[in-house]
Amino acid sequence: MRPPPPLPTSSGPDVSDEDGAREVLDGFLAPLAGDDPEQLYDRAPCGYLTTMPDGLIAKANQTFLTLTGYVESDLVGRRRFVELLTPGGRIYHETHYAPMLEMHGTAREIALDVVCADGRRLPVLLNSVLEHDISGMPTVVRTAVFDATQRTKQRAEESEVRARKLAHTLQQSFIPPTHPDIPGLELAAVYRPAGDGTEIGGDFYDVFEIGPEDWCVVIGDVCGKGVEAAVVTSLARYTVRAAAVRQTEPSAALATLNEVLLHHETDRFCTLTVLRLRHEAGDWTATVSCGGHPLPFLIRPPAPAVTIGSPGSLVGPLDAPRFSDTAVELGTGDVIVMYTDGVTEARNHMGEFYGDERLREFLVAGRLSAPTLVDGLLDEVMQFQSQQPRDDIALVAIAVPDSEH
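Residues numbered from 1 in each chain as written. Predicted model: local features only at pLDDT ≥ 70, side-chain atom pairs only at ≥ 80, totals over all residues. Heavy atoms only, no water.

### Describing the pattern of salt bridges
Then, in step 1: A full pass over the atoms with the stated rule returns 9 salt bridges.
Then, in step 2: The salt bridge partner of Glu83 is Arg79, with a shortest N-O separation of 3.8 Å.
Then, in step 3: With a shortest N-O distance of 2.6 Å, Asp206 and Arg241 are connected by a salt bridge. Here the residue Asp206 occupies a position in strand β7 (residues 203-211), and Arg241 occupies one in helix α7 (residues 227-246), the gap between them amounting to 35 residues.
Then, in step 4: Residue Arg241 is classed as partly exposed on the basis of its relative accessible area of 28%. (Salt bridge = Lys/Arg side-chain N within 4 Å of Asp/Glu carboxyl O. Helix = DSSP H or I, 4+ residues; strand = E, 2+ residues; numbered from the N terminus. Buried < 20%, exposed > 50% of the residue type's maximum accessible area, 1.4 Å probe, protein only.)

### Brief notes about the sheet that holds strand β5 (residues 138-147)
Then, in step 1: Across the sheet, 5 strands lie side by side as β2-β1-β5-β4-β3; this open sheet has antiparallel pairing. Each end of this open sheet is capped by a strand with a single partner; those strands are β2 (57-60) and β3 (106-115). When the angles between neighbouring strand axes are averaged without regard to direction, this sheet yields 25°.
Then, in step 2: As paired elements, strand β1 (residues 47-51) and β5 share 5 bridges and run antiparallel to each other. Paired with Thr50 across the strands is Arg142, a residue of β5.
Then, in step 3: Across the sheet, helix α5 (residues 87-104) is in contact with β3, β4 (121-132) and β5; its angle to β3 comes to roughly 160°. (Pairing = 2+ DSSP bridges. Axes fitted to C-alpha atoms, helices over the stretch in contact; angles between N-to-C directions. Contact = heavy atoms within 4.5 Å.)

### With respect to the nonpolar core
The nonpolar side chains of a soluble globular protein tend to be buried with one another.
Then, in step 1: One finds Leu275, Leu277, Leu330, Val396 and Ile398 to be the most contacted residues of the largest nonpolar core, which totals 28 residues.
Then, in step 2: Elements supplying a minimum of two residues to this core: β6 (186-192), β7, β8 (214-222), β9 (270-280), β10 (283-291), β13 (326-330), β14 (335-339) and β15 (393-399). (Core = buried A, V, L, I, M, F, W, Y, C linked by side-chain atoms within 4.5 Å.)

### Points about helix α10 (residues 370-384)
Then, in step 1: Here α10 is 15 residues long and its end C-alpha atoms lie 21 Å apart, about the 21 Å a rise of 1.5 Å per residue gives.
Then, in step 2: The complete set of buried residues in α10 reads Ala370, Leu373, Val374, Leu377, Leu378, Val381, Met382 and Phe384. The buried residues of α10 occupy one face: seen down the axis, they fall within an arc of 160°.
Then, in step 3: The elements touched by buried residues of α10 are β6, β11 (297-299), β14, α9 (355-363) and β15.
Then, in step 4: Ser386 sits one or two residues past α10 and shows a positive phi near 55°. (Expected span 1.5 Å × (residues − 1). Arc of directions from axis to C-beta.)

### Here we look at the pairing of β7
Then, in step 1: Here β7 lies mainly inside the structure; 7 of its 9 residues are buried.
Then, in step 2: When β7 meets β8, the two strands line up antiparallel, connected through 8 bridges. Counterpart to Glu209 in the pairing with β8 is Trp215.
Then, in step 3: If you look at the hairpin formed by β7 and β8, you'll find 2 residues sitting between the two strands, and Glu213 has a positive phi there, around 55°.

Here you go:
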């Protein structure tokens, strides 16, 4: 069998031997032979600074001047490098950067902000080397300055993504993952965070079983937003859970939470409504206690919706708060609606509040199914403020369905 013919090769020097390879390399290097070292310095892909040991700028390449907007006469022999930094950067320069250079002779990947000629801040990364003469005396500092704008932007975007995930995780921890099934009752709840949902709010609700045919429903609003509010929200939720197991009246659970907040290292307070539902002798009894929270509504057709309970004190700021309990017997078709002030204090583009009257009108409009009621009310409040809620919204409805429901 005859061997195949050799593959064709492109024209050019033979690089199969050492002389041919050198010829190719020399061909590539020929255009660089006449490079001006000064131009290489000026046009380098990063800024270069040469400073005296005391920081006085002795030389700056064109790349640095272009990045910062200065002209050479503004800097060389006139200003020290530290003077170009932000106030925070100057502190870091004196406490970390300069001592590091003095002790180790190098400083690498130092992140600082340079104040440019037009006042804007330029994030930079510095790599510096301190040179010495033969006697060991420091002579100059040579610094490479890299534009870190994209890196800073990327880190900011990554931080924002992490913050969104944290906010979502914390917020979800305040809301039951699923609505528990209370035999003999119909329960529906909904939560809508303010804005785009990235800020941690203080609204929450909770539903839990205390014993056979004995349930507790809580809705609340912690003052403020952010991580500190989230801490108090979590504290409030689990304190009420623990107190409700040991104490039979909702007002006692609020008093316990008030005592806990008084001794907690926070100036936050909250408003809460605690509703205890007991099923005895075939009937449901709802006992409600409010701590500065909007009173829940009782819908009992064909009568108009009415509030139940007494407002009570805010929870947390007072040494001697006042909470009371109100018990209501529930019958077939009755619905209790609990909500946070994100409903009534929703504002439209004209600055008008949704208000109590609009809420009452909605509640007597015949929407007595608990899921339909909370979904419809949320939809109406969102439309009222053009789908841009300024505050969190939490809603809970508990209905006693008839036998055909």
